[in-house]
Each structure stands twice: as structure tokens, then as C-alpha cells.
Amino acid sequence: MMKKLAILSFAILTLSGFTLEEAIQRFEGGWQAEDQIYGNKGAIEIDSENKRIVAAAFNSVLRGDLDEAEVVGGSLVISTPDGDILLYGGNESNEISARIGNTPTMRFVRVPPK
């Protein structure tokens, strides 16, 4: 029974998720931390044209290649030599949650384009 539930859960998660291109479009652009607990000590920049990400929070700065990213449901996982960047879709298009390296998961808001 548990095996069937696990397979069903995985299928639902996969079907409700993004393709890699959709995830990159969803998370593209600049993001600034705006978290009630951790404040504004973080920023993320996703460049879909060059397929790169730079993410910083507290004392962690990670750079990654979006070609190596993985989509898990509605989330994007980018593995770098120094740690992982996890981006979680929020309820609003201008809001996400992210964990950068070993930092806590924080809320980020979209920075308007220049």
C-alpha cells in the first residue's frame, strides 16, 4: 500500500510541476529577501539568456548553471560545488521562497526590472 501511495504522490507531484524552461521563466529576474524573521539579507539574480544564477544570503554566495538545474514539482534545484540553491514557487508570481546553501529558507520578492 505504501509503495502505491509513494508512486501516486510522485506522479501527482511530477504532473503538477514545471518543465525546466517553465521553471526558469517563472523564477527569472531579480529577487530580494523580504522575510519576517530573517529580514532582507539575501538576493537572487537569474539570467535565463545566459542560463546562470547568482544567489547570496548571509555569508553564502553561490553561482550556478541553469543547464544543470532540476525541477522537482513546482521547485527548482540548482546544485553548485559549494552547495545547493532551492527555489520554491510562492502563491503570488512576485513571491518565492529560497534556501541558499546552508542558510534558512527565506521569502523573496521580485525586484522590478530596470
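Residues numbered from 1 in each chain as written. Predicted model: local features only at pLDDT ≥ 70, side-chain atom pairs only at ≥ 80, totals over all residues. Heavy atoms only, no water.

> Looking at this model, I keep getting lost on the packing of aromatic side chains. Mind explaining?
For any pair of aromatic rings, the description consists of the separation of the ring centres together with the inter-plane angle of the planes. All told, the structure shown has one aromatic pair when counted by the stated rule. Look at Y38 and F58: their rings are 6.1 Å apart centre to centre, the planes differ by 90°, and that puts the pair in the edge-to-face class. One end of the pair, Y38, is in the loop between β1 (29-33) and β2 (42-47); the other, F58, is in the loop between β3 (52-57) and β4 (60-65), with 20 residues separating them in the sequence. (Phe/Tyr/Trp six-rings, centres within 6.5 Å; stacked < 30°, edge-to-face > 60°. Helix = DSSP H or I, 4+ residues; strand = E, 2+ residues; numbered from the N terminus.)

> Can you walk me through the sheet that holds strand β7 (residues 83-89) in this structure?
In a beta sheet, neighbouring strands pair by backbone hydrogen bonds and run either parallel or antiparallel. Read across the open sheet, the nine strands follow the order β4-β3-β2-β1-β9-β8-β7-β6-β5; overall the sheet is antiparallel. In this open sheet, the two edge strands, each paired with only one partner strand, are β4 and β5 (70-72). Shown here is a sheet whose adjacent strand axes are inclined to one another by a mean of 25°, direction ignored. Most of the contacts of helix α2 (residues 20-27) go to β7, to which it runs at about 80°, and overall it touches β1, β2, β5, β6 (75-80), β7, β8 (95-100) and β9 (106-111). (Pairing = 2+ DSSP bridges. Axes fitted to C-alpha atoms, helices over the stretch in contact; angles between N-to-C directions. Contact = heavy atoms within 4.5 Å.)

> Is there a simple way to explain the confidence of the model for the protein chain in this structure?
Do not read the predicted coordinates in detail wherever pLDDT is low. Mean pLDDT over the protein chain stands at 84; residues scoring 70 or higher make up 85%. Taken as a whole, residues 1-15 scores under 50 in pLDDT and shows two contacts with residues more than four places along the chain or in a different chain. (pLDDT = per-residue confidence, 0-100.)

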